[in-house]
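Tertiary structure, described
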Amino acid sequence: AGQYNKYFSDQEVFIDNLSQEVYKKLVVQPMWIDHGRRQIKRLTSKFPDLNISTEYIPTNKKASSIALYVGTYNGTGMLEFLNFDVPSVFFWDLNLYEISDSAFTYFQDLIDVGIFHKTPESAAKHLSNIHNDILGWWAKPNVVNAKNKFCNNYSRKSDALSYARILKNKKSSI
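All figures in this text were calculated on a predicted structure; none of them were measured in a lab.

Definitions and cut-offs
- Residue positions are given per chain, counting from 1 as you read along its sequence in written order.
- Local features are withheld for residues below a pLDDT of 70 in this predicted model, meaning they are given only at 70 or higher, and side-chain atom pairs are given and counted only at 80 or more; totals for whole chains, interfaces and linings count all residues.
- The basis for every side-chain value is the complete set of non-hydrogen atoms in the structure, without hydrogens or water.
- What counts as a helix is a DSSP run of H or I of at least four residues, what counts as a strand is a run of E of at least two, and both are numbered from the N terminus.
- Burial classes: relative accessible area under 20% of the type maximum marks a residue as buried, over 50% as exposed, and values in between as partly exposed (1.4 Å probe, protein chains only).
- Here a residue-residue contact requires only that any non-hydrogen atoms of the pair lie within 4.5 Å.
- To measure how exposed things are, a 1.4 Å probe is used in the Shrake-Rupley method; for residues, cover is taken only from the protein chains shown.
- Salt bridge, as used here, is a side-chain nitrogen of Lys or Arg placed within 4 Å of a carboxyl oxygen of Asp or Glu.
- Nonpolar cores are built from buried Ala, Val, Leu, Ile, Met, Phe, Trp, Tyr and Cys residues. Side-chain atoms within 4.5 Å join them into one set.
- Comment: axis = line fitted to C-alpha atoms, over the contacting stretch for helices; angle = value between 0 and 180 degrees taken between N-to-C directions.
- When describing relative orientation, an angle under 35 degrees is termed roughly parallel and one over 145 degrees roughly antiparallel, while 65 to 115 degrees is termed roughly perpendicular and anything else oblique.
- Note on convention: the crossing is left-handed when the near helix lies turned anticlockwise from the far helix by less than a right angle, right-handed when the turn is clockwise.
- Classification convention: Asp, Glu, Lys, Arg as charged; Ala, Val, Leu, Ile, Met, Phe, Trp, Tyr, Cys, Pro as nonpolar; all other residues, Gly among them, as polar.

Quick notes on the overall build of the chain
Within the chain one finds ten helices and five strands. For the chain, the residues scored as buried account for 37% of the 174 residues in total. Long-range pairs, those at least 24 residues apart, make up 65% of the contacts in the chain between residues at least 6 apart in sequence. If you sum the accessible surface of the chain, you get close to 10700 Å²; carbon and sulfur atoms cover 51% of it.

Thoughts on the side chain of lysine 147
With respect to the helices, strands and loops of the structure, lysine 147 is situated in helix H9 (residues 141–154). Ignoring sequence-local partners within four residues, the contact set of lysine 147 consists of Leu82, Asp85, Leu110, Ile115 and Trp138.

Here's the deal with the pattern of salt bridges
Two side chains bearing opposite charge may form a pair once their charged atoms approach each other closely. The tally for this structure, following the rule as stated, stands at five salt bridges. Among the ionic pairs, lysine 6 bridges to aspartate 10, the shortest N-O distance being 2.7 Å. Placement of the pair is lysine 6 and aspartate 10 together in helix H1 (residues 2–16), with a separation of four residues, close to one helical turn. A residue is classified by how much of its surface remains accessible, and aspartate 10, at 6% relative accessible area, is buried. Across the pair lysine 6 and aspartate 93 runs a salt bridge whose closest N-O atoms are separated by 3.6 Å. On the criterion of sequence distance, the pair formed by lysine 6 in helix H1 and aspartate 93 in the loop between strand S4 (88–91) and helix H6 (101–113) is long-range, its members being 87 residues apart. Given the relative accessible area of 13%, aspartate 93 is considered buried.

Here's the deal with helix H5 (residues 76–83)
Taken together, the buried positions of H5 are Gly77, Met78, Phe81, Leu82 and Asn83. Those residues of H5 that are buried lie in contact with helix H4 (59–63), strand S3 (69–71), S4, H6, helix H8 (134–138) and H9. Immediately beyond the C-terminal end of H5, within one or two residues, lies aspartate 85, with a positive phi of roughly 60 degrees.

Thoughts on the nonpolar core
One recurring pattern in soluble globular proteins is that nonpolar side chains are buried together. The biggest cluster of nonpolar side chains holds 42 residues, and the ones touching the most others in it are Ile15, Phe107 and Ile115. If you list the elements that add at least two residues to this core, you get H1, helix H2 (20–25), H5, S4, H6, helix H7 (120–130), H8 and H9. Top contributing element to this core by residue count: H1, with five residues. Beyond its immediate stretch of four places on either side in the chain, phenylalanine 107 contacts Met78, Trp92, Ile99, Phe116 and Phe150.

Looking at the packing of H1 against H7
Where H1 contacts H7, the two axes come as close as 8 Å, and the packing angle between them is 30 degrees. Judged by the inter-axis angle, H1 sits roughly parallel to H7. In this structure, the crossing between H1 and H7 has a hand that is right-handed. Between H1 and H7, the residues in contact are Asp10, Val13 and Phe14 and Pro120, Glu121, Ala123, Ala124 and Leu127, respectively. Split into classes, the residues belonging to the contact of H1 with H7 amount to six nonpolar, no polar and two charged.

Observations concerning the environment of glutamate 121
Of note, glutamate 121 is situated in helix H7. Through-space distance from the C-alpha of glutamate 121 to that of phenylalanine 14 is 5.7 Å; in sequence the pair is 107 residues apart.

A short note on the environment of alanine 103
Inspection of the secondary structure assignment puts alanine 103 in helix H6. Taking the C-alpha atoms as reference points, alanine 103 and tyrosine 154, separated by 51 residues in sequence, lie 9.0 Å from one another.

Points about the packing of H5 against H9
It is at 10 Å that the axes of H5 and H9 come closest, and there the two elements cross at 120 degrees. It follows from the interaxial angle that H5 and H9 lie oblique. Regarding H5 and H9, the two cross each other, and that crossing is left-handed. Here Met78, Leu79, Leu82 and Asn83 of H5 lie close against H9, whose contacting residues are Lys147, Phe150, Cys151 and Tyr154. Per-class residue counts for the contact of H5 with H9 are six nonpolar, one polar and one charged.

Written as structure tokens, this is what we have:
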């Protein structure tokens, strides 16, 4: 319970530190399974006018309909949205979600360009700074290079047709 409480507290700190302009645009989508944690009630008691969406939207559809994705834990969402080339900002407590020593170099590159943040305050400040030109920030060569380097190492896109050809060739050789 303590780990979740810290995670949830970080979400509140992030929201608290957003500029008013960004806060008004924010849409929060809580985790699908609440496990009795009452996420929505906790959020709306602190942020009564917070825009919360409980509608399930598949990742590929969500990726094509949002201006920016904010990820708050080390999971597949990070890999998916980066691969969909959706402007993204991620933050989490490295004591809760550790990063391996071998991965830290790649994460350091993401930190250097503002994609990954070690604190909710840093992520909120960055988002408040870029919100008027998200695509301009996302298109900067150093941001593109850091994202691509990370994706090439951890979430390389696959060409479904190439796999189909490989499987067809293997099948015909069996």
